Structure formats: structure tokens, C-alpha cells
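Listed below, chain by chain, are the residues.
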Amino acid sequence: MSKSKSKNGEIFLIIPKQIVTADSKNRILKGIAVEITDGKISSFVSKEEIQKEKYDDVYDAKNLTLIPGFIQTHVHLSQTLFRGLADDLPLLEWLRLKIFPFENAHNENSLRVTAQLSINELLMGGTTTFLDMGTLRYGDVVLSEMVSSGIRGFSGKCLIDLNDLYPDFKSTTQEEINDIKNLAQSFHNSADGRVRYSFSPRFVLSCSEELLKETKEIMKDYPGSIYHTHSSESVDEINEVRKRFHKENIEYFNSIGVLDDHTVLAHCVHTSDNERKMLKDRNTRISHCPSANLKLGSGIAPIPQYLKEGISVTLGADGAPCNNNLSIFNEMRLASLIQKPIHGTKVLDAQTIFRMATIEGAKALHIHDEVGSIEVGKKADLVLIDLDSYSNSYSDSDETIYSDIVFSSTTENVKSVMVDGRWLIKGRESLVYDQKEIISKGGEELSKLLKRI
Ligand SMILES: [Zn+2]
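Every value quoted in this text rests on a predicted model; they were computed, and no experiment measured them.

Draft legend 1. View of the pairing of strand β3 (residues 32–37). Among the 6 residues of β3, 5 are classified as buried, and the element is accordingly described as predominantly covered. As paired elements, strand β1 (residues 11–20) and β3 share 4 bridges and run antiparallel to each other. Bridge pairing links isoleucine 11 to threonine 37 in β3. Relative to strand β4 (residues 40–46), β3 is paired through 6 bridges, and the arrangement is antiparallel. From the neighbouring strand, glutamate 35 faces β4, where its bridge partner is serine 43.

Written out as C-alpha cells, the structure reads:
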């Protein structure tokens, strides 16, 4: 199968069974095909008006549903190689004993293959955009892989200039500052804006105040970039933050001026009334990662309360060693189910969750004018999903569509994936990677990496 790309005047047509638009009216369209010109959705064509000869390529997907590509607002590409090697530990032990030593042992080859494995897994599951936390060294490797793979996203080197948990895994403040200036200069808005830079202090316990503040300053030179960090994930972590700063985590961030609408905080499991007010006032974005919060025993974030208070919440799988996979379907399903015993069965219905994983994710990253819903003028980041499998609803009513996606689908239901008007997965076949090859290379690089610890 050849790579097909809707560029240079090429015009494609996708004819799906139906379209779940995620637009402001939550429209579900039937009998409509989507025309794509130069990577963008150029028009909706009713099936009666289709002139197939007009198009360079026609994808007749009459049994499949077209949805916007999913957006994950917190992942760790560098950690995918470590899946299964860090189970059954709480956050700080997990970092000290496993994840920091593993990440510290990365070289360029191991980092490249973990990025490839991650991008492959995300695409196979219908995720077309992500916000990655990066790792301490070789920040260019992940960003280059994002450029060449065709996926959309933000990444940047992970910033660590203090590390009591694992002192070998850090850099100096000045080195960190020099590195991010160079990386942002090289990669922000590369690949026609498909790849953007995110400034990524790891978390409050691994960064000096100078580094946190200086990073926010540097960010002003790169409009459209994101400030991405972890906050208020586990009780042990917030106790340590209190001891060090005599403040709650988010109060500390607020006091040094790093909270605004371009800041994404992963987790926020444990927050006070005062902190929630700060999140709301600053319009700071939360990335909710329910699998990781459960697996590390961190707790259940008060998501219904955040939404009620008007705070932006979106979804991410976090890292493979605390999940243990990168499926948005697991996160959507869990995000809803874990709240129901606490807040009642009405909270976080499937449609709300679906929007969190699509258009709300785009809003959190300020790319909602480009992606996140299926509307004329937007970039063609699209997923064809089979909602008529043996494990989906047997009803054809619109009422079951969101439930089918959120509660009864898995990554296996995803059939084809397009980013920026280019098919990257077609008929569950990757047009980006030879999957057998990257899995085998992953095994080789992992065994070499473990010997470097
Ligand atoms: Zn994380």
C-alpha cells in the first residue's frame, strides 16, 4: 500500500456510514461524504451529488464511522520501552527505583525506538495529536521522529535541575535553559506547524524556582507553545511539597507566576478549594490520567467538580509503565466509570467524555481552530472506526454512538487514521512503521539499556 497524501492540489473523498463531528452542536451526519483538499476538509458532499471521477482518491467506507482524531494531553514517549517493568509501586518509589534510572540510561537509539513504538501505538488507537513530557537528554530525537512520522503533537526536553530521588538524573539550570532555547528554535512550528514545542519541567520537586520561572519567560518567544508539568498527583508528593515550600503545589506554582491558559498540569488528583479557584482564575488546563492515577494508587481526581467549576479537563494515558498502554479508549471508559460510585451514574456521560478526548483536547492546546472536530476549513485529522463489531451496540440509533465509542470500543475498532490529510494507518495497516521491525528493535535496545544502568 503506498502512502497517499492530500497535498499539492490533490483532492480526496471519504464516504463513511456516518460522521460524528464533535462540532458545537454535536452534529451526527448521515449520507454525507467528506472532501479533503491540500490536507484540509474542503466540503461536505451529499451522497447523491458525488462525482467520483473528480477525485484523486475515493475511500468508500460505508460500514465505518468517521470521527475526529483523538487528542491526548499527557503522554511519555520515552517510557514506552519500560512497559511492564515498574508495576505495583507508588509514585515516588516508582520514579526513584525504576523510571528515573531507566530514563537516565537512554541513548539516542533507545530513545528513537521508544518514540517509534509510542507513535505507532497512539496512531493504531486513533490518537492523532499528543502532548509529550519528553526526557532529560536527546530532546531532538523525539521531535525529529514526530516530524518524520506524520503525527501531530507537542514535545520538548523534560527539565530536571534538582533530583533528591535519583541524583544522577539531572542537569544544571543553565544547561537546561540553553538546551530549551536551541530545541524550541529548531522545532517549534516545524512540519508546517504540525510539530510544536512544549516546555516541560518534570514536577515541582525536580525543578529550581529559577528554572520554572525562566522557562515561562522563554516561552513568551514561542507563541503557541505549551508549559507542561505534573502537579498534585500523590499524597506523598504533596506532603513533600508542603514541607519544602509551606504551600500547596498549585499555590506554589501560582506564587511564582507559571499558571496561565497555556499551562497544562497533569493529574491534579489532590487539590484544595483555594487551588481550584487559582486553576479557574488562571484558566489553567488539567490533563486527567485515570489509569495512571489508579495503578500508582494516587487516587481519584475530582473531575466532576472541576467541570462544574468551569475548569478545563482533558485526557491522557500518561506513560506505558504506569498504565500499561496508551489507549485513549481505556482512559475514556475509566474517566467515566470511576466517578459514578462517588458522584452518581449521571456524571460524565459518554458524549462529555468523547468531547474531552477530541475538541476539548484541541482547546486545551489552543489548536481548536485547526483540529478537534470535523468541520469545513479544519485540518483533516480523521479516524474511521467500526462501530458495528460483535462487541458494539446492535442499534443503529444516534443515541448509542457515543456510548459505542466510549464504553464498548477498544483500539481494535479503529481501522484507518489520517493526519494532516495523509493516511498513516489504512485498514489497520501502518503506512509509517514496519511494526515487527520496531518491536524487535525495541527488545534489542531495551536489553542494551538495562545493561547501562
Ligand atoms: Zn506523567
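Draft legend 2. Seen up close, the packing of aromatic side chains. Scanning the model with the defined rule gives 10 aromatic pairs in all. Judged by centre distance (4.9 Å) and plane angle (55 degrees), the rings of tyrosine 59 and tryptophan 423 are tilted. Residue tyrosine 59 is found in strand β5 (residues 57–68), and its partner tryptophan 423 is found in strand β17 (residues 422–426); the two are separated by 364 residues along the sequence. With a centroid separation of 6.1 Å and 45 degrees between ring planes, the pair formed by phenylalanine 199 and tyrosine 222 is classed as tilted. In this pair, phenylalanine 199 sits in strand β10 (residues 195–201) while tyrosine 222 sits in the loop between α5 (209–219) and β11 (226–231), placing the two residues 23 residues apart along the sequence. Overall, the relative accessible area of 0% leaves phenylalanine 199 in the buried class.

Draft legend 3. Layout of the coordination of the zinc ion. Distances from the zinc ion to its protein donors, His74 (NE2), His76 (NE2), His230 (NE2) and Asp318 (OD), fall within 2.1 to 2.2 Å. Around the zinc ion, the 4 donor atoms sit at angles spanning 88 to 173 degrees, and that spread fits a shape best called irregular. Read from N- to C-terminus, the donor residues coordinating the zinc ion fall into the pattern H-x1-H-x153-H-x87-D. In this pair, histidine 74 is assigned in strand β6 (residues 70–75) and histidine 230 in strand β11, connecting sequence segments 156 residues apart. A single burial state applies to histidine 74 and to histidine 230, both of which are buried.

Draft legend 4. Examining the pairing of β5 more closely. Two elements, β1 and β5, share 7 bridges in a ladder whose sense is parallel. Bridged to isoleucine 15 within β5 is aspartate 60. Sheet analysis places β5 next to strand β15 (residues 382–385), joined by 4 bridges and oriented antiparallel. In the strand pairing of β15, isoleucine 67 is matched with valine 383.

Draft legend 5. Quick look at the side chain of arginine 196. Note that arginine 196 resides in strand β10. The buried category is assigned to arginine 196, whose relative accessible area is 12%. When neighbours within four sequence positions are excluded, arginine 196 is seen to be in contact with Leu143, Gly153, Phe154, Ser155, Phe187, His188, Asn189, Gly224, Ile367 and Glu370.

Draft legend 6. Region of the structure containing the nonpolar core. Within the largest apolar cluster, 111 residues are counted, with the highest numbers of intra-cluster contacts made by Phe70, Trp94, Phe199, Met332, Phe354 and Ile405. Contacts of tryptophan 94, omitting those with residues within four sequence positions, involve Gln79, Ala86, Leu89, Ile99, Leu296, Pro321 and Cys322.

Draft legend 7. Summary view of a nonpolar patch on the surface. Nonpolar side chains collect at one region of the surface, where Leu294, Ile300 and Ile342 lie side by side and expose about 250 Å² of accessible area between them. Here isoleucine 300 is to be found in the loop between α9 (290–295) and α10 (303–308).

Quick notes on the rules
Residues numbered from 1 in each chain as written. Predicted model: local features only at pLDDT ≥ 70, side-chain atom pairs only at ≥ 80, totals over all residues. Heavy atoms only, no water. Buried < 20%, exposed > 50% of the residue type's maximum accessible area, 1.4 Å probe, protein only. Helix = DSSP H or I, 4+ residues; strand = E, 2+ residues; numbered from the N terminus. Pairing = 2+ DSSP bridges. Phe/Tyr/Trp six-rings, centres within 6.5 Å; stacked < 30°, edge-to-face > 60°. Donors = N, O, S within 2.8 Å, 3.2 Å for Na, K, Ca; no water. Tetrahedral: all angles 85-135°; square planar, octahedral: opposite > 155°, others 65-115°. Contact = heavy atoms within 4.5 Å. Core = buried A, V, L, I, M, F, W, Y, C linked by side-chain atoms within 4.5 Å. Patch = residues over 30% accessible without salt bridge, like charges linked within 9 Å, V, L, I, M, F, W, Y side chains within 5 Å. Areas by Shrake-Rupley, 256 points an atom, 1.4 Å probe, with all protein chains shown as cover. Salt bridge = Lys/Arg side-chain N within 4 Å of Asp/Glu carboxyl O.

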